[in-house]
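Each chain is listed here by its residues.
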Amino acid sequence: MNKVIEDILSRRTIRNYKPDQIKQEELDEILETGLYAPTGGGRQSPVMLVCQNPEINETLGKINRKVFGHANSDGIKFVSETQKSIADDDNITSAFYGAPTVITLFAPKDWDYGIHDCTSMAITMTLAAWSLGIGSCYVSRAEETFDTDYGKKVMEEAGISQDYVARVHLCLGYPKDITNHAKPRKEGRIHILK
C-alpha cells in the first residue's frame, strides 16, 4: 500500500502527550506542509501562530475548555477510554490536553473561505505529523478562544493583525501511547453516480 494512504488510514487523534517538546526540524517540516496545503483561489491567506510556551497554551486551553461547556450533556460517548476528550470528561481542564506545541490558524476576517483554508492546512499538518511519529488533535472554538482579552493580547504579542480571526487549533506532541483503534466505518456513506 502507498505510504501516504497507509498514514491516512492509520492516523489517530492523540490526546495523551509526552512532555518532551517536538524537535525543531520535525516542526519545520510540519509547518512547511501547511504552507503547501490547498487554499481558496491559491490566495495562501492563513497565518499560523506556533506556541510552545506552556503557560500560554495552558491558559488558552482552559479558555477553550470553558467555551465548550460540560461533557456528556447529551449522553453521547465520543472517544475511547484511552484518549478521552473534553466531550467525555469534565475533569479535563484544558482542551489542548497538555500538548507541548499548539498551532492556531488565522484567516482574514473578510475572506469567505478562511475556515476552509485553515481546515485544509490543519489536516495536511496532522498527516505530516503522523508520518513523523507525532500525534495531533484538531480543536475547534479557536474564534471564541481568541475573542477574549487574553486571546487578543496573545495575538498582539505575536504580531497578528486584528484583521485576522482564529479558525482552528492544532495540538502537536509525541504520543504517550497509541492504543486507540479505528472505530468500524459506518455503512452507506459513499454514493456514486456514473
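As a reminder, the structure under discussion sits directly above these lines.
Concerning the nonpolar core
Phase 1 of the analysis: Among the nonpolar cores identified, the biggest contains 25 residues, and Tyr17, Leu60, Phe106, Phe146 and Cys171 are the most heavily contacted of them.
Phase 2 of the analysis: Secondary structure elements with two or more residues in this core: strand E1 (47–51), helix H3 (54–68), strand E2 (101–108), strand E3 (135–139), helix H5 (142–146), helix H6 (149–158) and strand E4 (164–173).
Phase 3 of the analysis: For this core, the leading source of residues is H3, giving three residues.
Phase 4 of the analysis: When neighbours within four sequence positions are excluded, phenylalanine 106 is seen to be in contact with Ser45, Pro46, Val47, Leu49, Cys118, Phe146, Met155, Ile160, Tyr164, Val165, Ala166 and Arg167.
Phase 5 of the analysis: Core analysis: the second largest hydrophobic core is formed by 19 residues, Met121, Ala128, Ile134 and Leu170 among them.

Some words on the packing of aromatic side chains
Phase 1 of the analysis: A complete count under the given rule lists two aromatic pairs for this structure.
Phase 2 of the analysis: Centre to centre, the rings of phenylalanine 106 and phenylalanine 146 are 5.1 Å apart; their planes meet at 75°, and the pair counts as edge-to-face. One end of the pair, phenylalanine 106, is in strand E2; the other, phenylalanine 146, is in helix H5, with 40 residues separating them in the sequence. Across this residue pair, the class does not change: phenylalanine 106 and phenylalanine 146 are buried.
Phase 3 of the analysis: Ring plane angle 75° and centroid distance 5.3 Å describe the contact between tryptophan 111 and tyrosine 113, whose orientation is recorded as edge-to-face.
Phase 4 of the analysis: Judged by relative accessible area, which is 14%, tryptophan 111 ranks as buried.
Phase 5 of the analysis: The ring of tyrosine 97 is capped by arginine 15, whose NZ or CZ atom sits 5.7 Å from the centre of that ring.

A look at the side chain of threonine 101
Phase 1 of the analysis: Take threonine 101: it is sitting in strand E2.
Phase 2 of the analysis: On the basis of relative accessibility, which here comes to 0%, the residue threonine 101 falls in the buried class.
Phase 3 of the analysis: Only 2.9 Å separates the side chain of threonine 101 from the side chain of glutamine 52, close enough to count as a polar contact.
Phase 4 of the analysis: Once residues lying within four places of it in the same chain are set aside, the contact partners of threonine 101 are Gln21, Ile22, Leu27, Val50, Cys51, Gln52, Asn57, Leu170, Cys171 and Leu172.

Calculation rules
Per chain, residue numbering runs from 1 following the sequence as it is written. Side-chain atom pairs in this predicted model are given and counted only at pLDDT of 80 or more, local residue features only at pLDDT of at least 70, and totals for whole chains, interfaces and linings cover all residues. Side-chain figures throughout are based on the complete set of non-hydrogen atoms in the structure, without hydrogens or water. Buried residues of nine kinds, namely Ala, Val, Leu, Ile, Met, Phe, Trp, Tyr and Cys, make up a nonpolar core once their side-chain atoms join them within 4.5 Å. Each residue's exposure class comes from its accessible area (1.4 Å probe, protein chains only) as a fraction of the maximum for that residue type: buried when under 20%, exposed when over 50%, partly exposed otherwise. Counting from the N terminus, the helices are the DSSP runs of H or I reaching at least four residues and the strands are the DSSP runs of E reaching at least two. Working rule for contacts: check all heavy atoms of both residues, and any pair within 4.5 Å makes them a contact. Pairing of aromatic rings covers Phe, Tyr and Trp, the last counted by its six-membered ring, and requires centre-to-centre distances within 6.5 Å; plane angles under 30 degrees mean stacked, over 60 mean edge-to-face, and any other angle means tilted. Whether a charge sits over a ring comes down to the Lys NZ or Arg CZ being within 6 Å of the ring centre and within 35 degrees of the ring normal. Between N or O atoms, a polar contact is any pair within 3.5 Å; within protein, one atom must be a potential hydrogen donor and the other a potential acceptor, and residues adjacent in sequence are included only when both atoms are from side chains.

By themselves these figures say nothing about function.
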